[in-house]
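Next come the chains, spelled out residue by residue.
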Amino acid sequence: MLNQSIVVIAEHVEGQVRPVTYELLAFAAALQKEMPSAKIKIVVIGDAMDAMADNIARKTGQGVFYIHVPGLSGYNAEVYKIILAGVLEELQASHVCTAHSSRGLDFAPGLAVRLGCACITGIEAIVKRNQKISFRRAICGGKIMADIQTDSRMALLCVLPGSFAPDSGESAAAGTVMKRALECAPQKSLSTGVIHKSLDAAAVAEADVIVAAGRGIGDKDHLDLIFRLAALFPRSAVGGSRIVCDSGWLDYDRQIGVTGSTVAPSLYIACGISGAVQHVSGMRGSGFVVAINSDPNAAIFNVSDVCIVEDLATFIPILIETHEKRRAEKEA
Amino acid sequence: MKLLVCVKQIHDPDVPVRVNTDSNWVEFDGDAYVMNRFDGFALEEALQLREAFPGLRIDVVTVGPERADAVLRRSLGMGADHGIHILTESGGYQSPFATAAWIAAYATGCNYDLILTGVMSGDDMNGQVGPLAAEILHLPCATAVIFRRMMPESGRIYVERELEGGLRDALEMELPALLTVQSGINRPRYPSLSKMLRANKHAVDVIPSGSLGSPSIHLSVSQTLLPQKMRAGRVLEGNPREKACRLLDILQTRSMLASENSAC
C-alpha cells in the first residue's frame, strides 16, 4: 500500500514530553524496516505544546503533526479518542505506536473499537516469520512469550517502556511541524488535573544493595528474613513488588516497578519475586541480580545473573548463618 | 443503583505452565484455579459501595468454560447478589475483543450504573477487556483507578487514575461509566463460609457465548515460546548450604559484602 504511515503518539505529562516517546520512535523505525514504503509521523495533542512539538521535530528529524486543542492542558481519554479517530484515518495509519503506560492503556483499546481495528498491548519486540509481522508480548506473569498478529487494516500498538532503546543524539535536519487547531470538549468526563502523591522513595533510590520481597515470601512473618538479609550489606534497603505492598506488608515507598520506583543498585537480590514485566522494568538496570525462588520456571531467572532455586524461608536463614560462621572463623 | 463486576477465572499462578505441543498457546500442569487477583479489588470496591449505598445490587459476570462457574461462586461468597456466566468452549487463546464484545452484548439494555473490573488479568495480561467493553457500550471509561468517590447528587463519580512515578490523573465522570480498578485500592475480603454455602445453591444465569454473536476478534497467536535469558542466569547447584557458600563466594569476589569472608 502506498502512502501508509506509522504514527507515533507523543506522551506528555504536565507539559513535559515523556522519554518513552523516543522509545516509541525507535520502535517505529524498527517497524519501518519491515515496511520501507511507510512514513513515520508523530502526533502531539494538547494546548500550548508548540515548543514541545518543535523540540520533538528537531530531535528526531521526523514530521510532527501538532493537534492544538484549546483548553486541553493535559490528558482526557474522550478527547484523545475523538481526535485520534479522525487524525489516524487522515494519516492513513497502518500502525499506531503508543506507550504501554497508564495513559496509553487508557485510550488505545477504546480507540481501536472506534476505528474498528486491532489493539495489542505489552509489546516487547517485533518478529517476522513467513513474511508476516507479529508482536511479541509476555503472558502468564512473564513465564511465556506470545507472538500476536493481526489482519486488521490498522493496529494500535502499546509498546512496553524499556523495550526499545531510543536513538541518542539529534537528527541532522529538523522535521517539519504541521499545526492544526481542533475544537473538542469532552461530553461525559472532566479532567481536573494531575495529582502528585508524595512517595518517599529515597531509601530504595539511594541504596547500593536492594533486597526485594515478592509474593513468594508467602507470609508476612518472613519479611523479617528479608530485613536480616539486607543487614548483611552496607548501604542496603528492602524493597518489594507491588503485590507485597498491596497486601500492606511493605509501604508503597518501597515498591519497585512501573508504578513504584525504578532503581539501579549495584546488587539486587530478588526474593520470591515472580518477575512480571511490571516489576522487571523497575529493576532491569541493576548491576548484578541474584534471584531466590522456589519455582524453577519463575520469569525472574531470565533477568538474573545468579539463580537459586530454593524456598526462601529455609534458604535465607542458612545463608545468614553461613555468612556469620565464616565471619566468626575469620576473626578467630 | 445496579453494578456489574467482570471477573475472570485463571490458573493459579503457582501452577507450572509451558508452551503447548503446537507452540501456539500454553498448557498448565494442574487444575488449580483462582479468581484473577486484580478482579478481587473490583469486586471489593463494589461491595464497599453497597455498604455506603444500601439497596445497591451487584451482578458479577464471567466469560469462560464450565469450570469458570467457581469464580462466580466465590464472588457470591464474597457478597455479590447475582452471577452471569457467559459460557465458552474451553481452552486455547481468547482474544480480548471477543470477551469484551460478549460482556457488552450481555450488558446492553441492563442499565448498569457502574461497571467495574480489574486492571488486567494475571494470565493474558492484556488490560483491554474493560476499556474495550466501555467503548462498545459508549460509556466513559477510566483505567487503573486507585481512588473513587461517588457524587450521588450530580450522578457523577470522581476518580483518580494511577500514572507512573507517583502521579495521578484526576477526573469526574458521568454515570453510567466503566472503571478498571488498580490493585491496592482496598483489601479484598475473603468469602464467608455461610455465604459460600448459600452461593453454591444460588442460581447462575448461563448464556452461551454463541448466542451473543460472533465479534471480530482481530488478533491471533502465531507462536508461543519461552522468554530469552537477558543475563547469565547461572544456576547454583548443590544442597542449600552449598548454594549459600557459592553465593557468598560470588558476592565476596565482587566485594559486595559488608566484610571480607574466608572461603568455605
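For the structure, see preceding data.
A brief structural summary. Small disclaimer: the values here were computed from a predicted structure and weren't measured.

About the thresholds
Residues numbered from 1 in each chain as written. Chains lettered and ligands numbered in written order. Predicted model: local features only at pLDDT ≥ 70, side-chain atom pairs only at ≥ 80, totals over all residues. Helix = DSSP H or I, 4+ residues; strand = E, 2+ residues; numbered from the N terminus. Buried ≥ 20, exposed ≤ 12 C-beta atoms within 10 Å, placed from the backbone. Contact = placed C-beta atoms within 7 Å. Pairing = 2+ DSSP bridges. Axes fitted to C-alpha atoms, helices over the stretch in contact; angles between N-to-C directions. Core = buried A, V, L, I, M, F, W, Y, C linked by C-beta atoms within 7 Å. Parallel < 35°, antiparallel > 145°, perpendicular 65-115°, else oblique. Left-handed = near helix turned anticlockwise from the far one by under 90°. Nonpolar A, V, L, I, M, F, W, Y, C, P; charged D, E, K, R; others polar.

1. Section: the overall build of chain B
- A count of helical and extended segments in chain B gives six helices and 15 strands.
- Counting only C-alpha atoms and orienting by the principal axes, one finds that chain B spans roughly 70 × 45 × 40 Å.
- Expressed as a percentage of the 264 residues in chain B, the buried residues total 47%.
- Taking contacts inside chain B between residues at least 6 apart in sequence as the whole, the part at least 24 apart equals 69%.

2. Digging into the interface of chain A and chain B
- Taken together, the 84 residues of chain A in the interface contact 74 residues of chain B.
- The dominant element in the side of chain A that touches chain B, judged by the number of residues it contributes, is helix H9 (residues 312-331) of chain A, at ten residues.
- Judged from the six bridges that link them, strand S9 (residues 144-150) of chain A and strand S14 (residues 219-225) of chain B form a sheet pairing that is antiparallel. By the bridge assignment for S14(B), A:Ala146 is matched with B:Thr224.

3. Some thoughts on unusual backbone geometry
Residue and element names in this part refer to chain B.
- In this structure, Pro-176 follows Leu-175 across a cis peptide bond, with omega equal to 0°.
- Locating Pro-176 in the fold gives a position in the loop between strand S11 (167-174) and strand S12 (177-181).
- A positive phi angle, close to 50°, is found at Ser-23, a residue other than glycine.
- Ser-23 sits in the partly exposed class, given 13 other C-beta atoms within 10 Å.
- Even without being glycine, Met-125 reaches a positive phi, approximately 55°.
- Take Met-125: it is sitting in the loop between strand S8 (114-118) and helix H4 (129-136).

4. Side note on the sheet that holds strand S15 (residues 234-235) of chain B
- Strand order in the open sheet formed by six strands is S14(A)-S13(A)-S15(A)-S16(A)-S17(A)-S15(B), and the pairing between neighbours is parallel. In this open sheet, the two strands that pair with only one neighbour each are strand S14 (236-240) of chain A together with S15 of chain B.
- Where strand S15 (residues 267-271) of chain A and strand S16 (residues 288-292) of chain A come together, five bridges link them in parallel fashion. Pairing of A:Ala270 across the sheet is with A:Ala291, part of S16(A).

5. Quick word on the sheet that holds strand S7 (residues 82-87) of chain B
- Read from one edge to the other, the open sheet built from ten strands follows the order S12(A)-S11(B)-S10(B)-S9(B)-S12(B)-S8(B)-S1(B)-S6(B)-S7(B)-S13(B), with strand pairing classed as mixed. Among the strands making up the open sheet, the edge pair consists of strand S12 (189-196) of chain A together with strand S13 (204-208) of chain B. Adjacent strand axes in the sheet meet at a mean angle of 30° when their direction is disregarded.
- The sheet contact formed by S12(A) and S11(B) spans seven bridges and is antiparallel. Bridging across to S11(B), A:Val194 finds its partner in B:Asp169.
- Its contacts with the sheet place helix H1 (residues 37-52) of chain B against strand S1 (2-6), strand S6 (57-64), S8, strand S9 (141-151) and S12 of chain B, and it is angled at close to 145° to S8(B).
- Most of the contacts of helix H2 (residues 69-78) of chain B go to S7(B), to which it runs at about 165°, and overall it touches S6, S7 and S13 of chain B.

6. Details of the nonpolar core
- Of all hydrophobic cores here, the largest spans 187 residues; its most connected members are A:Val44, A:Cys97, A:Cys271 and B:Val5.
- When residues of this core are assigned to their parent elements, the largest contribution, nine residues, is made by helix H3 (residues 96-107) of chain B.
- Excluding residues within four positions of it along the chain, B:Val5 makes contact with B:Ala42, B:Leu43, B:Ala46, B:Ile58, B:Val60, B:Ala80, B:Leu116 and B:Thr117.

7. Digging into the packing of helix H6 (residues 223-230) of chain A against H9(A)
All names here are of chain A.
- Between H6 and H9, whose axes approach to 10 Å, the crossing angle comes to 30°. Compared by their axis directions, H6 and H9 come out roughly parallel. By crossing handedness, the relation of H6 to H9 is classed as left-handed. Of the residues in H9, those touching H6 at Leu-225, Arg-228 and Leu-229 are Leu-312, Ala-313, Ile-316, Pro-317, Leu-319 and Ile-320.
- Considering only residue class, the contact of H6 with H9 consists of eight nonpolar, no polar and one charged.

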